[in-house]
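Here is how the chains run, residue by residue.
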Amino acid sequence: MAHLLPPVGTEVFRHFTPASLEELQRRHQEEEKERERRKEKNIEIAEEDLPRPASDLEAGKPLPFIYGDPPPEFHNTPLEELDPFYQSQKTFIVLSKGNVIYRFNADPACFLLSPFNPLRTGAIKILIHSYPSPCHSPGPARVLYVFTGIYTFEATVKVLSRGFCVGHFTFLRDPWNWLDFLVISMAYLTEFVDLGNVSALRTFRVLRALKTITVIPGLKTIVGALIQSVKKLGDVMILTVFCLSVFALVGLQLFMGNLRQKCVFMPPSFGNLTADGFPSNGTDSNGTHSNSTHNNSTGSFDYYEYINNPDNYYYVPGQLDALLCGNSSDAGVCPVGFTCLKAGRNPNYGYTSYDSFGWAFLSLFRLMTQDFWENLFQLTLRAAGKTYMVFFVVVIFLGSFYLINLILAVVAMAYAEQNEATLAEAKQKEAEYAAILEVLRKREEEVRWHSVSLPPSPHHHPHITSTFCHYSRRPAGRRSERNRAEM
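Computed from a predicted structure; not experimentally measured.

Definitions and cut-offs
All residue numbers here refer to positions counted from 1 along the written sequence of the relevant chain. Per-residue local features are limited, in this predicted model, to residues with pLDDT of at least 70; the limit for side-chain atom pairs, both in listing and counting, is 80 or more; totals at the level of whole chains, interfaces and linings are taken over all residues. To obtain the side-chain values, all non-hydrogen atoms of the structure were used and water was disregarded. Helix numbers and strand numbers start at the N terminus; a helix is a DSSP run of H or I with at least 4 residues, a strand a run of E with at least 2. Note on definitions: a residue-residue contact is assigned when non-hydrogen atoms from the two residues lie within 4.5 Å. A pair of cysteine sulfur atoms is labelled a disulfide when the two atoms are within 2.5 Å. Burial classification: accessible surface area is computed with a 1.4 Å probe over protein chains only, and a residue below 20% of its type maximum counts as buried, one above 50% as exposed, and the rest as partly exposed. We call a set of buried residues a nonpolar core when its members are Ala, Val, Leu, Ile, Met, Phe, Trp, Tyr or Cys and they connect through side-chain atoms within 4.5 Å of each other. In protein, a polar contact requires one atom able to donate a hydrogen and another able to accept it; more generally it is a pair of N or O atoms within 3.5 Å, and residues adjacent in sequence count only if both atoms are side-chain atoms. Aromatic rings from Phe, Tyr and Trp, with only the six-membered ring used for Trp, were paired whenever their centres fell within 6.5 Å, and each pair was classed as stacked if the ring planes differed by under 30 degrees, edge-to-face if by over 60, and tilted otherwise. What the arc describes is the spread of directions from the helix axis to the C-beta atoms. For salt bridges, the criterion is a side-chain nitrogen of Lys or Arg within 4 Å of an Asp or Glu carboxyl oxygen. Scored from 0 to 100, pLDDT records how confident the predictor is in each individual residue. Paired strands, in this sense, are two strands between which DSSP finds at least two bridges. Lines fitted to C-alpha atoms define the axes, with helix axes restricted to the stretch in contact, and inter-axis angles between N-to-C directions lie between 0 and 180 degrees. An angle below 35 degrees is read as roughly parallel, one above 145 as roughly antiparallel, one from 65 to 115 as roughly perpendicular, and any other as oblique. Crossing handedness is read from the near helix: turned anticlockwise from the far helix by less than a right angle, it gives a left-handed crossing, and turned clockwise, a right-handed one. Residues are grouped as follows: Ala, Val, Leu, Ile, Met, Phe, Trp, Tyr, Cys and Pro are nonpolar; Asp, Glu, Lys and Arg are charged; all remaining types, including Gly, are polar. Each patch is built from residues that are more than 30% exposed by relative accessible area and take part in no salt bridge. Like charges join if they lie within 9 Å; nonpolar side chains (Val, Leu, Ile, Met, Phe, Trp, Tyr) join within 5 Å. Residue exposure ignores everything except the shown protein chains as possible cover, and the areas themselves are Shrake-Rupley values with a 1.4 Å probe. In this analysis, the expected span of each helix is defined as 1.5 Å times one less than the number of residues it contains.

## Overview of the environment of R260
- Within the element layout of this structure, R260 appears in the loop between α7 (234–255) and β4 (261–265).
- It is 10.0 Å that separates the C-alpha atoms of R260 and Y354, two residues lying 94 residues apart in sequence.
- Non-local contacts of R260, meaning those with residues more than four positions away in its chain, are made with L341, K342, A343, G344, R345, N346 and D355.

See the structure below:
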């Protein structure tokens with residue numbers, strides 16, 4: 001990382017001129033040639049040895065105090081780069097009245113506007129002046145047109161001052177501007193093209209409030225920790241998905257179709273039922289079912305339609321789903337006059353089941369996250385039997401207590417590492433500032449010493465004067481001894 005050693009006073013600030021632009025282009029060409037030379041000779045530089053931008057001179061941050069307060073003529077005007085990292089990358093900076101750094105690309109914006117174009121300089125002055133970001137709720141069409149015009153003007157200023165997409169620090173190189181571009185594009189697209197109801201896309205402008213993350217240091221640390229934790233959660237997420245998949249396959253084998261078992265009312269005239277719920281007199285001589293109709297004293301009716309009719313189920317008062325039951329010894333039983341049959345849909349409007357791998361995976365995810373898990377627990381035990389309580393104990397301990405806490409531990413570790421990195425960066429800045437202040441103190445002492453010393457005579461050479469001063473400070477005794485020795 002390049003060290004920052006600024007000169008004394010305001011001589012570090014220089015206006016960005018055509019000569020500065022030519023110097024940038026020359027440095028950029030030299031760097032490109034050097035990069036090509038290293039590429040031809042297969043010379044690789046270690047990542048820690050590569051130059052990096054100074055963290056305290058990033059765009060959007062205030063100017064460090066070591067530079068002092070710039071004179072008014074250096075505000076709101078293009079200046080040469082202060083960071084040595086960008087001095088060969090065709091960029092320049094602009095300081096606002098609050099000494100906030102704004103960095104721009106030195107290439108012509110939109111291939112037309114150079115950094116010295118009056119239209120671009122005017123757009124830069126408008127851009128660096130902060131203003132409240134407007135947000136509104138849906139209202140009349142005129143209000144929508146007004147805010148669309150405001151967003152369009154803002155985007156136009158950014159494009160004219162920064163350029164559109166070619167080069168560093170242009171409009172689309174900032175991810176926060178992608179949302180603005182999408183909102184404005186959809187506003188004009190929906191105005192002239194009928195795309196149906198796309199009002200949800202206009203709500204994306206509310207997300208522009210996320211820009212406050214870069215302003216609040218504590219919030220920025222938390223968001224950085226979350227981003228770092230997401231990168232480190234890869235192995236944990238693979239383990240979690242694998243365990244959920246195994247548990248889902250086990251649940252699929254154990255409980256497939258059990259949650260469809262309900263207590264169905266069967267009139268006495270219907271006769272005895274087989275284990276599968278079919279009438280015993282509804283089979284032929286080969287033991288196969290003849291058809292879906294059954295003849296009795298009241299006439300013929302559709303058996304499948306009867307058992308799938310929700311009006312024939314038993315409901316506990318206050319419950320929306322029918323009472324579940326099971327055919328095992330420790331499962332739930334039906335009241336008198338009702339028979340346990342597999343019919344109808346699954347509980348909770350059909351969303352709670354183990355009938356496929358996807359539904360079983362969703363049920364196990366609900367169990368792992370403990371989202372109303374006791375309802376799933378009770379439904380499954382009533383339909384399958386109390387013996388399967390062991391399955392839920394294993395899932396709760398391994399899934400809910402272990403895997404969830406493991407994810408939280410990774411997030412906590414990432415947050416701790418982010419805090420350590422922030423503290424290390426702060427200590428590095430303090431060390432750099434201390435070194436810079438020491439250099440400034442020495443320069444002030446040199447300036448003070450030269451100011452109190454007599455000015456040299458124009459007839460004497462500086463080298464002779466310095467030599468004379470050097471000998472004049474020698475002790476008189478040693479000089480007299482030398483003279484006597486020469487005599």
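What follows picks up the thread again.
## Quick look at the state of the cysteines
- Scanning the model with the defined rule gives two disulfides in all.
- Residue pairing for C263: its cysteine sulfur links by disulfide to C334, the two sulfurs lying 2.1 Å apart. Between C263 and C334, the S-S torsion sits near -90 degrees, and that sign places the bridge as left-handed. Here C263, found in strand β4, pairs with C334, found in the loop between α8 (303–307) and β7 (338–342); they are 71 residues apart in sequence, far enough to count as distant.
- Using a relative accessible area of 0% as the deciding quantity, one classes C263 as buried.
- The side chain of C325 participates in a disulfide bridge whose partner is C340; the two sulfur atoms lie 2.1 Å from each other. Judged by the sign of its S-S torsion, about 100 degrees, the bond between C325 and C340 is right-handed.

## Points about the nonpolar core
- With 21 residues, the main nonpolar core has L259, Y354, L364, L367, F391, F392 and V395 as its most contacted residues.
- V12, L79, I93 and Y433 belong to the second largest nonpolar core, which has 16 residues in total.

## Observations regarding the side chain of T380
- By the element assignment, T380 lies in helix α10 (residues 373–384).
- A polar atom in the side chain of T380 sits 3.2 Å from the side chain of Y354.
- Once residues within four sequence positions are removed from consideration, T380 is found in contact with F255, L259, Y354, G385 and F392.

## Looking at the packing of aromatic side chains
- This structure, assessed with the given rule, holds 21 aromatic pairs.
- Geometrically, the ring pair formed by F255 and Y388 is edge-to-face, given 5.2 Å between the ring centres and 80 degrees between the ring planes. Within this pair, whereas F255 is found in helix α7, its partner Y388 is found in the loop between α10 and α11 (389–452), the two being separated by 133 residues in sequence.
- According to the relative accessible area criterion, Y388 is partly exposed, its value standing at 28%.
- On the basis of an interplanar angle of 55 degrees and a centroid distance of 5.8 Å, the ring pair of W373 and F377 is categorised as tilted. On the criterion of helical spacing, the pair formed by W373 and F377 is a turn pair, its members being four residues apart in helix α10.
- With relative accessibility at 26%, the residue W373 sits in the partly exposed group.

## A closer look at helix α2 (residues 118–127)
- Considered for burial, the residues of α2 that qualify are R120, A123, I124 and L127. Down the axis of α2, the smallest arc covering the buried residues is 105 degrees, so these residues share one side.
- The residue sitting at the N-terminus of α2 and contributing the capping side-chain oxygen is N117; that oxygen lies 2.8 Å from the backbone nitrogen of L119.

## Quick word on the pattern of salt bridges
- Summed over the entire model, instances satisfying the criterion amount to 13 salt bridges.
- Taking the shortest distance from any N to any O, the salt bridge between E34 and R38 comes out at 3.8 Å. Of this pair, E34 and R38 both sit in helix α1 (residues 18–40), four residues apart, which is roughly one turn of the helix.
- Looking at E34, the relative accessible area reads 30%, which means it is partly exposed.

## Some points on the confidence of the model for the protein chain
- In the predicted model, the protein chain carries a mean pLDDT of 77, and the fraction of residues at 70 or more is 74%.
- The model gives residues 1–9 a pLDDT under 50, and that stretch makes 29 contacts with residues more than four places away or in other chains.
- Low pLDDT, under 50, characterises residues 282–298; the stretch is placed with 20 contacts to residues that sit more than four places away or in other chains.

## Overview of the sheet that holds strand β1 (residues 78–79)
- Read across the open sheet, the three strands follow the order β1-β2-β3; overall the sheet is antiparallel. Across the chains shown, the open sheet's two edge strands, defined by having one partner strand only, are β1 and β3 (101–105).
- As paired strands, strand β2 (residues 91–95) and β3 are joined by five bridges and run antiparallel to one another. Each residue of the ladder has a partner; that of I93, found in β3, is R103.
- Relative to the sheet, α2 contacts β2 and β3, its axis offset from that of β3 by approximately 150 degrees.

## As for the packing of helix α9 (residues 357–368) against α10
- Look at α9 against α10: their axes get within 8 Å of each other, and the N-to-C directions meet at 125 degrees. By the angle class used here, α9 and α10 are oblique. Both α9 and α10 take part in a crossing whose hand is left-handed. Across the interface between the two elements, S363, R366 and L367 from α9 touch W373, N375 and L376 from α10.
- The residue inventory of the contact of α9 with α10, partitioned by class, reads three nonpolar, two polar and one charged.

## Details of the pairing of β2
- Most of β2 is tucked away: five of the five residues are buried.
- Residues of β2 alternate between two faces, with T91, I93 and L95 on one and F92 and V94 on the opposite face, all of them buried.
- The hairpin turn running from β2 into β3, its antiparallel successor, is five residues long, and N99 in that turn takes a positive phi close to 60 degrees.

## A word on a nonpolar patch on the surface
- Together, M389, V390, V393, V394, F397, L398 and F401 make up an exposed nonpolar region whose accessible area comes to about 620 Å².
- In this fold, V390 is placed in helix α11.
- Residue classification places V390 among the exposed residues on the basis of a relative accessible area of 54%.

## Concerning α7
- Taking 1.5 Å per residue, 22 residues should reach 32 Å; α7 reaches 31 Å between its end C-alpha atoms and fits that length.
- Three or more residues of α7 are buried, namely V236, T240, L244, S245, F247, A248, G251, L252 and F255.
- Buried residues in α7 make contact with α9, α10 and α11.

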